[in-house]
Amino acid sequence: MFKILVYTLAVLVVFAAITLWRANAREATAEAAYPPEGQFIDVNGIKVHAVVRGSGPDLILIHGASGSTRDVTFSLVEKLEKEFRVIAFDRPGLGYTDRITKDGETLTQQADLLAAAARDLGAENPIVVGHSFGGAVALNWALNHSDTMAALVLLAAPSNPWTTPIDPLYRATSSKFGATFLVPLLTAFVPNSYVANAFSEVFEPQDAPEGYAAYFGPGITLRRHTMIANARQRTHLLPDVKAMVPRYGEIDVPTEILHGDVDTIVGLSIHSALLVNQIKDANLTVLEGVGHMPQHASELEVIKAIQLAAVRAGLR
């Protein structure tokens, strides 16, 4: 019996060592294949990754959950930089921006950090565009830093309370046990194709653009600190949104909202359809037949909304 126990422990130790080795190796490979695209700004000791391109009125782009600057540099930035000075940020813990806290960054912490980084880059009065989770960060920015924002553009943004439970994977990977034992296993052994397949679900009913999965860098999403940060931020999202709802009437910048009517991830009816009446003079554009990724499925409509926001803000 004692020998069996010793053999079992030995096998577990070897497996743990192999798991950590594979996780380290896969993270190094991913970062070598998909290095930072832009520059770094130090904000009170936090390293923030930003891609800055173009000239004109300042325009901030904030990506969604599990994302990075690569979501918008795939196509959107190239089109916007002809008219705007575009600044795309990695949110804390994702892409190449440092985590602020191991407990998961709140919307306020994220908005505070990115607003400070924007000021350090000379963007005193930008249009702020946020997709999905990034839209919730943009809403918080409008509530707490309205003096540093010219206009707000929201793409499929969660904005009002929902009743569906948190995804079991997020629940597991956000826990201490999951972060210690499950996440390294995922980093070490889950194939990159799993993330690529997950993209397909996010884009439904549209298909992901050709080449998107390879460009986005699935291995970056599978890094241990990224999965933990993403999951723990997700656990904060609902209470953070509930806290913002009573304050939406304070938002006084021109606001453009775009939302697909077949978005099954952030539903139109319980989010943007309510938000348009909670923010004074907000405009809602409902994108027929579009799912959760309007920045790809309805790129021209997104660009037109940003242009309209610039006009409404007196920037053009």
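Going by the structure above, here's the rest.
So, here is what we can say about the structure in this document. Every value quoted in this text rests on a predicted model; they were computed, and no experiment measured them. (Residues numbered from 1 in each chain as written. Predicted model: local features only at pLDDT ≥ 70, side-chain atom pairs only at ≥ 80, totals over all residues. Heavy atoms only, no water.)

1. Re the overall build of the chain
Right, so step 1: When helices and strands are tallied, the chain shows 14 helices and eight strands.
Right, so step 2: A compact globule built from 316 residues should have a C-alpha radius of gyration of about 20 Å, and the chain, at 20 Å, falls within 12% of that.
Right, so step 3: In terms of overall dimensions, the chain has a C-alpha envelope of 75 × 40 × 40 Å along the principal axes.
Right, so step 4: Element-wise, carbon and sulfur atoms account for 58% of the exposed surface of the chain, whose accessible area totals about 13,900 Å².
Right, so step 5: One way to put it: in the chain the 25 positive side-chain charges average out to a point 8 Å from where the 32 negative ones average out. (Helix = DSSP H or I, 4+ residues; strand = E, 2+ residues; numbered from the N terminus. Rg over C-alpha atoms; globule rule 2.2 N^0.38 Å. Areas by Shrake-Rupley, 256 points an atom, 1.4 Å probe, with all protein chains shown as cover. Lys, Arg positive; Asp, Glu negative; His and termini not counted. Charge placed at Lys NZ, Arg CZ, Asp CG, Glu CD.)

2. Some details on the sheet that holds strand β2 (residues 46-53)
Right, so step 1: Taken in spatial order, the eight strands make up an open sheet running β1-β2-β4-β3-β5-β6-β7-β8, and their pairing is mixed. The sheet is open, and its two borders are formed by β1 (39-43) and β8 (283-287), each paired with just one other strand. Direction aside, neighbouring strands of the sheet carry axes that sit 20 degrees apart on average.
Right, so step 2: Docked against the sheet, helix α4 (residues 107-120) engages β1, β2, β3 (58-62) and β4 (85-89), running at close to 115 degrees with respect to β1.
Right, so step 3: Taken strand by strand, helix α5 (residues 133-144) contacts β3, β5 (127-131) and β6 (151-155), and its axis lies near 145 degrees from that of β5. (Pairing = 2+ DSSP bridges. Axes fitted to C-alpha atoms, helices over the stretch in contact; angles between N-to-C directions. Contact = heavy atoms within 4.5 Å.)

3. Notes on the layout of surface pockets
Right, so step 1: Each pocket or cavity is described by its volume, and for the largest pocket that value is around 1,500 Å³.
Right, so step 2: For the largest pocket, the lining is made up of 45 residues, of which Ala65, Ser66, Tyr170, Val202 and Ile265 are closest to its centre.
Right, so step 3: For the lining of the largest pocket, the elements supplying multiple residues, two or more each, are α6 (168-174), α8 (192-203), α9 (212-216) and α11 (224-244).
Right, so step 4: Of the residues forming the lining of the largest pocket, the biggest block, seven residues, is contributed by α8.
Right, so step 5: Across the lining of the largest pocket, the residue classes break down as 24 nonpolar, 17 polar and four charged. (1 Å grid on protein atoms, 1.4 Å probe; cavity = no way out; pocket = protein on both sides within 12 Å on 5 of 7 lines; lining within 4 Å. Points joined across faces, edges and corners; volume = space filled by probe spheres on them. Nonpolar A, V, L, I, M, F, W, Y, C, P; charged D, E, K, R; others polar.)

4. Concerning the packing of α4 against α5
Right, so step 1: For the pair α4 and α5, interaxial distance at closest approach is 8 Å and the crossing angle is 75 degrees. Judged by the angle between their axes, α4 and α5 are roughly perpendicular. Contacts between α4 and α5 involve Leu107, Thr108, Gln110, Ala111, Leu114, Ala115 and Ala118 from the former and Phe133, Ala136, Val137, Asn140, Trp141 and Asn144 from the latter. (Parallel < 35°, antiparallel > 145°, perpendicular 65-115°, else oblique.)

5. A short note on a nonpolar patch on the surface
Right, so step 1: A cluster of nonpolar residues, Val14, Ile18, Leu185 and Phe189, forms a patch on the protein surface that exposes about 310 Å² of accessible area.
Right, so step 2: Counting only elements with at least two residues in the nonpolar patch, the list comes to α1 (2-33) and α7 (176-189).
Right, so step 3: Residue classification places Phe189 among the partly exposed positions, given a relative accessible area of 36%. (Patch = residues over 30% accessible without salt bridge, like charges linked within 9 Å, V, L, I, M, F, W, Y side chains within 5 Å. Salt bridge = Lys/Arg side-chain N within 4 Å of Asp/Glu carboxyl O. Buried < 20%, exposed > 50% of the residue type's maximum accessible area, 1.4 Å probe, protein only.)

6. Examining the nonpolar core
Right, so step 1: Counting residues in hydrophobic clusters, the biggest one holds 44 residues, and the most contacted among them are Phe89, Leu139, Trp141 and Tyr248.
Right, so step 2: If we skip the residues at most four places from it in the chain, Tyr248 touches Leu139, Leu143, Ser159, Asn160, Val241, Leu275, Gln278 and Ile279.
Right, so step 3: Counting 24 residues, the second-largest nonpolar core is a separate cluster that includes Val51, Leu59, Ala88 and Ala151. (Core = buried A, V, L, I, M, F, W, Y, C linked by side-chain atoms within 4.5 Å.)

7. Focus: the environment of Glu31
Right, so step 1: By the element assignment, Glu31 lies in helix α1.
Right, so step 2: Each C-alpha atom, one on Glu31 and one on Pro168, is 27 Å from the other, the two residues being 137 residues apart in sequence.

8. Description of the pattern of salt bridges
Any two side chains of opposite charge can pair, so long as their charged atoms come close to each other.
Right, so step 1: Following the criterion strictly, the structure yields seven salt bridges and no others.
Right, so step 2: Arg223 is the partner of Glu31 in a salt bridge, and the nearest nitrogen-oxygen pair spans 3.0 Å. One end of the pair, Glu31, is in helix α1; the other, Arg223, is in the loop between α10 (218-221) and α11, with 192 residues separating them in the sequence.
Right, so step 3: Relative accessible area serves as the criterion here: at 33%, Glu31 is assigned to the partly exposed category.
Right, so step 4: Close ionic contact of Glu83 with Arg316 constitutes a salt bridge, the shortest N to O distance being 2.8 Å. Highlighted residues: Glu83 in the loop between α3 (76-80) and β4 and Arg316 in the segment after α14 (299-312), separated in sequence by 233 residues.
Right, so step 5: Classification of Glu83 by relative accessible area gives partly exposed; the value is 26%.

9. Thoughts on the pairing of β6
Right, so step 1: With five of its five residues buried, β6 lies for the most part within the structure.
Right, so step 2: Residues Ala151, Val153 and Leu155 point to one face of β6 and Leu152 and Leu154 to the other, with burial holding for every one of them.
Right, so step 3: Viewed along the sheet, the connection from β5 through α5 into β6 turns out right-handed.
Right, so step 4: Where β6 and strand β7 (residues 255-260) come together, four bridges link them in parallel fashion. From the neighbouring strand, Leu154 faces β7, where its bridge partner is Ile257. (Right-handed = clockwise from strand over helix to strand, strands pointing away.)

10. Points about the pairing of β8
Right, so step 1: Direction of pairing for β7 relative to β8: parallel, over a ladder of five bridges. Residue Glu256 lies in a different strand from β8, and its bridge partner there is Asn283.
Right, so step 2: You can see the chain leave β7, run along helix α12 (residues 272-278) and come back into β8, and the turn it takes is right-handed.

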